[in-house]
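A closer look at the structure
Next come the chains, spelled out residue by residue.
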Amino acid sequence: LIKPWIVNLVLLLLFPYSTWMCDGAAVEAALRAGFRGINTAPTNDNEASIGAAIQRCIKEGVIKRNEVFVTAKLWITELAREDVLPACQQSLSNLQLDYLDVYLVQWPVALRKGARGHNLDVKDDDRLGYDPERIAKCWEGMEELVEKGLVKAIGISNFTITKTEHLLRTAKIPPAVNQVEIHPYFQQPKLKEYSDSKGILLEAYYPLGNPSSPYRKAEDPNILEDPVINQIATKHGATAAQVCIAFSLHRGLMVIPRSSNPARIVENFKSTELELDSEDMRELGKLDRNYRMFIAEFLMKDGVSVDDFWDAQEDEKFVVQ
C-alpha cells in the first residue's frame, strides 16, 4: 500500500484544476496551460468529455498519463459497501483511465440510492443523513479499490474534525486528503491544525468564494472586491484571484481554482509564481470571518441545524494533540 507521506509529497507538487461547470475544452486548455491535476466528480456530468480531453492531450504529446493527477469522487447515493466498486469502475470507464490517482468520498452524509441529489430539489425522505457505521463500511470498499490497484490513494471531502475522528477509529488506510471549503473569509485554522497532526492534506475548494456558484446567496460577500486583497494584489502587480490562491498555497494547502475562460485559467496557474511576504500573510490572516458560503442545506434532513450538520460545537470542543 502507498505510504501516506508519499501521497502528501506527491500532492504538494500539484495544483489541481476544478472541472465543476466546465467542459472538455476547458480541461484541455487547463492541461495546455500547465495544470497537471484534474479534479472531477460524476455529478458534474462531464466525466466523458474530461476523459476525451485527457486522451487528446496524451495523443498530442502535451502530457503523459503519469504526468496528470486525476481525482474523482464517490457520490452520496453510492455509499453502500457493495456500490463503491461499480461506482469507481463507472468513473474509470467515463474518464477512459485504468486507474485514478485519488478517489474521494464526496460527503459524509448519504442520499437514498437513485435519488437526485446534485441539485437543490431533494426530498427529505431521500436524505439519509450521517451514519458513522455506514461510512466505516463504505471506507472498507474504498480500501478495496487500493488493494485492486484501481486507485492509488483514497480521501474524503466535506468531513469535519468530528467525522474524520470517527472514520480513523476503523480505517486501515487513513485518508490522504480532505477536500473542503477554504478561502480568506473561511480559513478553517483548527481543521488545518488537526489535519496536519493526522498527516491528512487539506485541499481547498471555493478558494475565491466562487462568485459564480449557483448555491451563492444574495448576502454572500464578494471576496475579490475586498480592499485588503486588492491592495496586496496592486503591490505585487497581481490580481485579487491570484492573491487568494497564493494565500492558500502559502498555507500549505492544495488549491482547486475553477474557470472555463482560457485567459483566466492561465492567470490562475500563474498564482504559483506569486510570492507573498510575511506582512501579506498576516493581513490576509486577519480577514477570516468564519464565513462558510456552501452551507449545503439541500443535504440536511428536516430539523437538523447548520451547526449540527457541520459539527460546530463538537469541533470547537475537540483538543488537537
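Above: the structure in question.
Report on the accompanying structure. Every value quoted in this text rests on a predicted model; they were computed, and no experiment measured them.

Let's shift gears to the overall build of the chain. Counting its secondary structure elements, the chain contains 13 helices and 10 strands. Contacts in the chain between residues far apart in sequence, at least 24 positions, make up 73% of those at least 6 positions apart. Only carbon and sulfur atoms are counted for the fraction: they give 50% of the accessible area of the chain, which is about 14,400 Å².

Taken together, the buried positions of helix 8 (residues 227–236) are occupied by Ile229, Ile232 and Ala233. Down the axis of helix 8, the smallest arc covering the buried residues is 105°, so these residues share one side. Facing away from the buried surface of helix 8 by more than 90 degrees, the exposed residues are Pro227, Gln231 and Thr234. At the N-terminal boundary of helix 8, the capping side chain belongs to Asp226, with an oxygen 2.9 Å from the backbone nitrogen of Val228. In the stretch just after helix 8, Gly237 is the one whose phi turns positive, near 65°.

With that settled, consider the packing of aromatic side chains. A ring pair, where both rings are aromatic, is described by two values, the distance of the centres and the angle of the planes. Counting across every chain of the model gives 8 aromatic pairs. Between Trp107 and Phe309, the aromatic rings sit 6.4 Å apart at their centres with planes inclined by 50°, giving tilted as the arrangement. Here Trp107, found in the loop between strand 4 (100–105) and strand 5 (109–111), pairs with Phe309, found in helix 12 (residues 306–309); they are 202 residues apart in sequence, far enough to count as distant. Its relative accessible area of 3% is what places Trp107 among the buried residues. Plain terms: the ring middles of Tyr194 and Phe318 are 5.5 Å apart, the flat faces sit at 90° to each other, and that makes the pair edge-to-face. In this pair, Tyr194 sits in helix 7 (residues 189–198) while Phe318 sits in the segment after helix 13 (312–317), placing the two residues 124 residues apart along the sequence. Overall, Tyr194 belongs to the buried group, its relative accessible area being 1%. Overall, Phe318 belongs to the partly exposed group, its relative accessible area being 24%. One aromatic cluster is present, formed by Trp107, Tyr205, Tyr206, Phe294, Phe298, Phe309 and Trp310 through successive ring pairs.

Of all 6 residues making up strand 4, 6 are buried, and the element is well covered by its neighbours. As paired elements, strand 3 (residues 69–74) and strand 4 share 4 bridges and run parallel to each other. By the bridge assignment, Thr71 is partnered in strand 4 with Val102. For the crossover from strand 3 across helix 4 (residues 84–95) to strand 4, the handedness is right-handed. Summarising the sheet, strand 4 and strand 7 (residues 151–157) pair through 5 bridges and their orientation is parallel. Looking across to strand 7, one finds that Val105 is bridged to Ile156.

How each quantity is defined
- Residues numbered from 1 in each chain as written.
- Predicted model: local features only at pLDDT ≥ 70, side-chain atom pairs only at ≥ 80, totals over all residues.
- Heavy atoms only, no water.
- Helix = DSSP H or I, 4+ residues; strand = E, 2+ residues; numbered from the N terminus.
- Contact = heavy atoms within 4.5 Å.
- Areas by Shrake-Rupley, 256 points an atom, 1.4 Å probe, with all protein chains shown as cover.
- Buried < 20%, exposed > 50% of the residue type's maximum accessible area, 1.4 Å probe, protein only.
- Arc of directions from axis to C-beta.
- Polar contact = N/O pair within 3.5 Å; in protein donor to acceptor, adjacent residues only side chain to side chain.
- Phe/Tyr/Trp six-rings, centres within 6.5 Å; stacked < 30°, edge-to-face > 60°.
- Pairing = 2+ DSSP bridges.
- Right-handed = clockwise from strand over helix to strand, strands pointing away.

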